[in-house]
Each structure stands twice: as C-alpha cells, then as structure tokens.
Amino acid sequence: MSSVTLSSLRKGERGTVQAVRDDPQTLGDETRSTVSRRLLELGFIPGEALEVVAESWPGGDPMAVRLGNTLFALRRREAGSVLVSVEGR
Amino acid sequence: MPAALEPMRLALVGVPNCGKTALFNRLTGSRQKVANYAGVTVERKEGSFVGPSRGQRYRLLDLPGAYSLTPTTLDEAITRDCLLGRLAGEAPPERVVCVADATNLRLNLRLVLELRDLGTPLIVALNMSDLARDRGFQLDRGRLEQELGVPVVETVAIRDGGERELLEVLETLPRPPSRPAVEWADPTFEQIQQTQREVRRILSAAGYAEPARRRALRRMDAIVMHPVAGPAILAALLFFVFQAVFSWAAVPMSLVDSGITRLGVALHDALPPGALNSLLVDGVIAGAGSVLVFLPQIMILFFFILLLEDSGYLPRAAYLLDRMMGSVGLSGRAFIPLLSSFACAVPGIMATRTIPNVRDRLATIMIAPLMTCSARLPVYALIIAAFVPSQRVGAFNLQGLVLFALYAAGIVAAMLVAWGLKRTALRATYHPLLLELPEYKWPNMRNLLLGLWERLRIFLQRVGTIILALMIVLWFLSSYPAPPLGAEGPAIQHSFAGMIGRALEHVFAPIGFNWQISLALVPGLAAREVAVGALGTVYSLSSTGDDVAATLVPMIAKSWSLATALSLLAWYVFAPQCLSTLVVVKRETNSWRYPLIMAGYLFALAYLAAFVTFRVASALLA
C-alpha cells in the first residue's frame, strides 16, 4: 500500500485520504479561501474513504469523486492536493 | 408594543442543496420579499410568519447557501457578514435556524458546529428526515441534541405540516437577550480537522449510520456522467426543452397576443382620438404587449430550468460541460446562466451570481446576449418566411435549418468572444473547480410553482417599469413632430425617429439596409422584437402584432434584395440593441463600463458580420 495523489486515480479506483497538501490557489478572487481549506471543510480529512466514480473524456478531466456519502466534481489539478492510500498499489 | 409582539429576527442558514429554500417556502408561503443586499447584487429573501400558539411574529431571512464561514463566493461572504452583524443596514439575527440535510450529515454538521461557536442561539433543523428514514439512515435525534447542546428538530420541507416541530420548539424557547457583536477568526487547517473529527465523534455517538447508496442511483450516475452517453443525453434534453419552448408556447402566445390586440382596439374605440389615445394604444399597450407576448416562452423555459435544478441534474450538466467551457476559458458553472439566456439575457445575467470568480462572471455576462433570446425569434421568423423557401433538404425543412444555423452562429460567436476576452481584457489565472453533485431527487411541485411565480413577478416588474418607460419615450420620438399638412408617406417618416432613421441610413447603407430598416432599428433599441412592429408602421400598415408579420412578408419579399435580408439576419445574431440587457449589466457590475463595452463590441460585430454577409451575398447573387 502506497501513498499517491487523488489525481492519479482512474475511474473505479478506491482509496483512503491521508492528507491534504497545502495548495495556496484561491477559489474565488472576491475572497481568499484556498483549495486546501475548502477540501478540508468539505470533508477530505485523513481516514475518509473515497472512490472515483466518473471521469470525462478525453483526458479524464474533470473527475467525479464520491467521498463518504457525497459526490464532488473536481479537476485533476485540485485532486493533486489530496494524498490517498490505495490498496493493491 | 409588548416585547412578545415585536417580530423576532430569524436567519435560515445551511449548506447548498440542503433544502433550505424549500423550508423557507414552507414557513413563509408567498409572504416573501425579494430584494438585493445594499451595495451588492446578492439576492436578499425575507419572509414572515406568525407562531401558532402565542401570536409571536417572526421575520425570517433566507441567507445564501454556505459551506463555511470562511467564504469562497460573494454569497458565502454575505452569509458570514450578516451573521456577524457586519452588514450595513442589516441587524444580526436573534436566532439562527441551521438547516442540515439528514441524508448528508457528514457534510452538514461542520457548519452547525461553526455556527454554534459563534454563540448566536441556534436551532438545528434536520431536513428531509422522512427521506433519510426511507433510505435507511439511522440516527438518535435525542442523543444528537445532547451532544450538540442545542435543540434539534426534524423537518420535512416538502410536506404539509413538515415544519410543525420547528415551530413548536421556536415558540417554547424564550426570546434570547441581545448580545454584543461576535468575534470571529478563520480557523486554522488544524482547527478545521479538529472540528471534522468532532463531527465524526458526535455522529458515531448518536448512532448515525448511512446505508450504501442505492444501486439504481449509482447506475443513473454511471449513465448520466458517462463520457459519451452523458453529453448525448444532455444534448437530447436541451433539444427537447427548446422544442417544448417553441411548440408548447404557441397557443398561450397567440392568446396573450390577441388579448392585447383586443384591449388595444377597445381602448382605441373608447377614447377620443388624439395624442392620449395614441400614447396609450400605440405606446403603452402595443409596446409593453410586444414584450408580454414572450411570457409563455420564458415561463416554459424556466419551468424546465427549475425542474432540472430541483432534480439535481444541473450541477452534473456543469460537470459534463466543464471541459468544453474550459477550452474557451469559462467555467462549467457558466452553463446555467447561458441556458437561461436563450429565453432572455436578463435572467441569464442575473444567474451569473453563482460564479465565484469575478472574471469568469464578467466573461459570462459579456457573452450572454449572444445566446439567441426569444425576442429575436419574431425578427428571424419574419425574414425567413419572406426569403427562405419552405422546401425539404433531406429530412429537414430548409427554413428550420436556417433558424438552427442562426442559433448555432450565436453560440459559436459567443465561444469565440469568450476565448478572446479570456486572453485579453479578462485574462485570468487558473480557477479551480470544486462542485458538489447533490443526490437526485424528485422535484417538488410547490417549490417549482413558487420559483416560477418569483420569475414571473420579476419579469412583470421589468415590463411595468423600465420597458414601459422606454416605450413611452420611443412613442414620443416616433410621433413628434407631426407631419406637415399634405405630407406624403407614413407619419413616422417626419418624426424624430424618422430623422434618426434617415441619419442612420448613411451608417447602414454599406451593409445594405434601406432607411426603413434603419428606422426600425431605433424603436428596436427598447426590445428587439419591436423592430417587427416598427417595420409594419414604416411600411404604413395599420394592423398590429402577428397580422403585421403576415402582411409584411410579401411586402419585404418584394422590396428587399436577398442580400439585404441575409445581412439583416446576420445583424440580428449580434444585435446590440436591447436596453434592458444593458441596464441589468449596469446593475450587476455596478458600473457603466461593462454595458458600454458590451454595446460597443456587439455593435462592431453586428456591423462586421452584416457587412461581410451583404458584400459576399451581393457578389455571389449578382
């Protein structure tokens, strides 16, 4: 079992959140909240199970990720801030 | 006034998609006031209701949905500032009702804890608690209440009486004493994670258990978000919606139209002839009526938009379109405002408020008028009927194909403009996408109808104020000065509008417009479709509305060249002349800069497109 970024997961793969890396990218420019902050607020915290349920074509961007009971759409770039452990990798 | 009778200020808070607006509708019914917060364009919704037992009145403020008190959008900033009492002219609430989706507590409870820490007296409404039970969610409500230390009630916003428990608890609680201003600092990342751990501890203490997601719903997502099937379904859905907008609206539109015509005739006959008669009949009724005719189309389009929104599909459409929109520098979120713009750019531009990034938002506003709004249809219909033969091309009708091409031209132009804007004036750094895709659910009719009613009210207000005022001004310009005695030709030719038309002819001659067309463009400034009626007046026809189109067709077919007709079609793809749109852009951007840029670039594009079309068509057809 190893640690990879969520952005490297393909459709159908499951993992467990290990950490959210600091990503200073802001979400809207009227306010200063960052991607990492919002990811944590939405529940991307260590120990949570997630699954990639859909990816767009071509390029797999954006992707849809189920975290617990909630589905989120995000791009690979944002997903790059989430470190996950994947079984069988 | 005794303290108990003074209305108590309540605020309704919750994460997006928690059913907050449905609960607001349930509590306040149609006793709602919609306005804007001072200085910003965020919609402020307030309603009132009376408690069942003591006659206590409540004023309920429906704050914009927020995931957090650390905002990422203007909406979230307003919610935070209102709760903290930082909003000018807005007293902070005495009590907060936090709506939490009982089927998604993991996401909802963190906001509850943040609100609890603010110190404002709090009630938690576990919304959709019936759905949660049906789907097999387990929760000990009493234990949750104990753990949170604030009252927790169950609500079912979509059912009669689903708000009863909330009302009972509200009525038993004493009125909270007024408090000093609240201090608040954004939590650190470590504090957020701590809160999240606390959420999970509380949920497990309260025996919260989530069932596995239903297979049917999983399958549905597998199809709806499939990389190939998903976009195909979206395209089919949009096609169906447009089909419905045009075919279902035909009957109510002709009813509205004949009603207005009859009213005009009745008034014309009842009043003595003269200026007042003409002002009321030709100015007020004909003018406002020409816009009212589109009410059925706009209502049908909004019905579908609200239906798709309520069912949970729209965010998925935004997901599907993110890449395509991203290729021209827009966000997938721009899809909803642009879809609305096909009915009318005004509600479309108002819907851009949900786009978190200012530059994305501006770019979306700037291209919204390029989506072919329903006001352009009468113009298209007139010219196509006059110049395009109704013959079959393969499986399609040639007239239909031309209409489709005009719509497509608008979309392609919009994409090109967006691409250009995002590379120049609105150049922006990368903007992340982080969008919740809520669970599918059956749309609720009551909410749908209340939503439609709200749209209807906004539209009628607009017709009743700005459009009406413009129509009166244009009537004046077209009626004065009166023609000299013994003058020939239609009276409008001698009016201010006529003079303007003559002057404009110099500008428009290179793109093939005669003075009649140039003149019709002047009243068309108020609303594009008015150009049809104006052409009727110029060609001295006395009928109004649909009759004009019927008698105008042979008239213009005879007097215009095909090149002129095509040029006018090209002009109308861009058609900058819609004052209501420009006024709304001014209001939404709080400056005259953007409406002026918009009018300028649309005029330039329209002129260029018409010029090229006219020259090429003239050369080819000569």
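Definitions and cut-offs
Residues numbered from 1 in each chain as written. Chains lettered and ligands numbered in written order. Predicted model: local features only at pLDDT ≥ 70, side-chain atom pairs only at ≥ 80, totals over all residues. Helix = DSSP H or I, 4+ residues; strand = E, 2+ residues; numbered from the N terminus. Rg over C-alpha atoms; globule rule 2.2 N^0.38 Å. Buried ≥ 20, exposed ≤ 12 C-beta atoms within 10 Å, placed from the backbone. Contact = placed C-beta atoms within 7 Å. Axes fitted to C-alpha atoms, helices over the stretch in contact; angles between N-to-C directions. Parallel < 35°, antiparallel > 145°, perpendicular 65-115°, else oblique. Left-handed = near helix turned anticlockwise from the far one by under 90°. Nonpolar A, V, L, I, M, F, W, Y, C, P; charged D, E, K, R; others polar. Pairing = 2+ DSSP bridges. pLDDT = per-residue confidence, 0-100. Expected span 1.5 Å × (residues − 1). Bend = angle between axes of the 7 residues up to and from the residue.

## Concerning the overall build of chain A
Here comes step 1: Helix and strand counts for chain A come out as 2 helices and 6 strands.
Here comes step 2: Across chain A, helices and strands are ordered from the amino to the carboxyl terminus as β-β-α-β-β-β-α-β.
Here comes step 3: For 89 residues, the compact-globule estimate of 2.2 N^0.38 gives 12 Å, and the C-alpha radius of gyration of chain A, at 12 Å, lies within 12% of that figure.
Here comes step 4: C-alpha extents for chain A along the principal axes are approximately 40 × 30 × 20 Å.
Here comes step 5: By residue count, 46% of the 89 residues in chain A fall in the buried class.
Here comes step 6: Considering only residue pairs separated by 6 or more positions, chain A has 58% of its internal contacts joining residues 24 or more positions apart.

## Here's the deal with the packing of helix α17 (residues 377–387) of chain B against helix α24 (residues 562–574) of chain B
All names here are of chain B.
Here comes step 1: Put simply, α17 and α24 touch, their axes get as near as 10 Å, and they point 160° apart. Considering their axes alone, α17 and α24 lie roughly antiparallel with respect to each other. Seen from above, α17 lies across α24 with left-handed handedness. Here Val379, Tyr380, Ile383, Ala386 and Phe387 of α17 lie close against α24, whose contacting residues are Leu562, Ala565, Leu568, Leu569 and Tyr572.
Here comes step 2: Broken down by class, the residue content of the contact of α17 with α24 amounts to 10 nonpolar, no polar and no charged.

## Examining the pairing of strand β5 (residues 95–101) of chain B
Residue and element names in this part refer to chain B.
Here comes step 1: Of all 7 residues in β5, 6 are buried, a share of seventy percent or more.
Here comes step 2: Taken together, the 5 bridges between strand β1 (residues 8–14) and β5 define a ladder with parallel strand orientation. Across the sheet, Ala11 pairs through a bridge with Val96, a residue of β5.
Here comes step 3: Bridge analysis of β5 against strand β6 (residues 122–127) gives 6 bridges, and the strand direction is parallel.

## A few points about the interface of chain B and chain A
Here comes step 1: Taken residue by residue, the interface counts 34 residues in chain B and 34 residues in chain A.
Here comes step 2: Among the elements of the structure, α2 (74–83), α3 (105–118), α7 (189–205), α13 (314–327) and β10 (434–437) of chain B are those that each provide at least two residues to the side of chain B that touches chain A.
Here comes step 3: Broken down by class, the residue content of the side of chain B that touches chain A amounts to 19 nonpolar, 8 polar and 7 charged.
Here comes step 4: Where strand β5 (residues 70–74) of chain A meets β10 of chain B, 4 bridges bridge the pair, whose relative direction is antiparallel. Residue pairing in the sheet places Phe72 of chain A in a bridge with Glu436 of chain B of β10 of chain B.

## A closer look at the confidence of the model for chain B
Residues and elements named next belong to chain B.
Here comes step 1: Looking at chain B as a whole, its pLDDT mean stands at 84, while 92% of the residues score no less than 70.
Here comes step 2: Overall, residues 541–545 carries pLDDT values under 50, and its contacts beyond four positions in sequence, including any with other chains, amount to 12 contacts.
Here comes step 3: Two summary scores accompany this predicted model of the complex, namely pTM at 0.81 and ipTM at 0.94.

## What to know about helix α16 (residues 358–367) of chain B
Residue and element names in this part refer to chain B.
Here comes step 1: By the criterion of burial, α16 is predominantly enclosed, with 8 of the 10 residues buried.
Here comes step 2: Residues of α16 that are buried: Asp360, Arg361, Leu362, Ala363, Thr364, Ile365, Met366 and Ile367.
Here comes step 3: For α16, the elements touching its buried residues are α14 (335–340), α15 (345–350), α18 (398–423), α25 (579–589) and α26 (593–621).

## Quick look at unusual backbone geometry
Here comes step 1: Cis rather than trans, the peptide bond between Asp61 of chain A and Pro62 of chain A has omega equal to 0°.
Here comes step 2: Along the polypeptide, Pro62 of chain A turns up in the loop between β3 (49–55) and β4 (63–67).
Here comes step 3: Positive phi values are uncommon outside glycine, yet Met128 of chain B reaches one of about 60°.
Here comes step 4: Examined against the element boundaries, Met128 of chain B turns out to sit in the loop between β6 and α4 (129–134).
Here comes step 5: Judged by C-beta crowding, with 28 C-beta atoms within 10 Å, Met128 of chain B ranks as buried.

## Section: α13 of chain B
Residue and element names in this part refer to chain B.
Here comes step 1: Across its 14 residues, α13 extends 20 Å between first and last C-alpha, which sits within 8% of the 20 Å expected from 1.5 Å per residue.
Here comes step 2: Maximal helix bending in α13 amounts to about 50°, located at Leu321.
Here comes step 3: The buried fraction of α13 amounts to 10 of the 14 residues, a majority that puts the element mostly inside the structure.
Here comes step 4: Every buried residue belonging to α13 is among Leu314, Pro315, Arg316, Ala317, Ala318, Tyr319, Leu320, Leu321, Asp322 and Met325, and all of these are buried.

## Focus on the sheet that holds strand β1 (residues 2–5) of chain A
Here comes step 1: Across the sheet, 7 strands lie side by side as β1(A)-β6(A)-β2(A)-β3(A)-β4(A)-β5(A)-β10(B); this open sheet has antiparallel pairing. Here the strands that pair on one side only, and so sit at the sheet edges, are β1 of chain A together with β10 of chain B. Put simply, the sheet's adjacent strands are angled 40° from each other on average, direction ignored.
Here comes step 2: Pairing analysis gives 4 bridges linking strand β2 (residues 14–20) of chain A to strand β6 (residues 82–86) of chain A, with the strands arranged antiparallel. In the strand pairing of β6 of chain A, Thr16 of chain A is matched with Ser85 of chain A.

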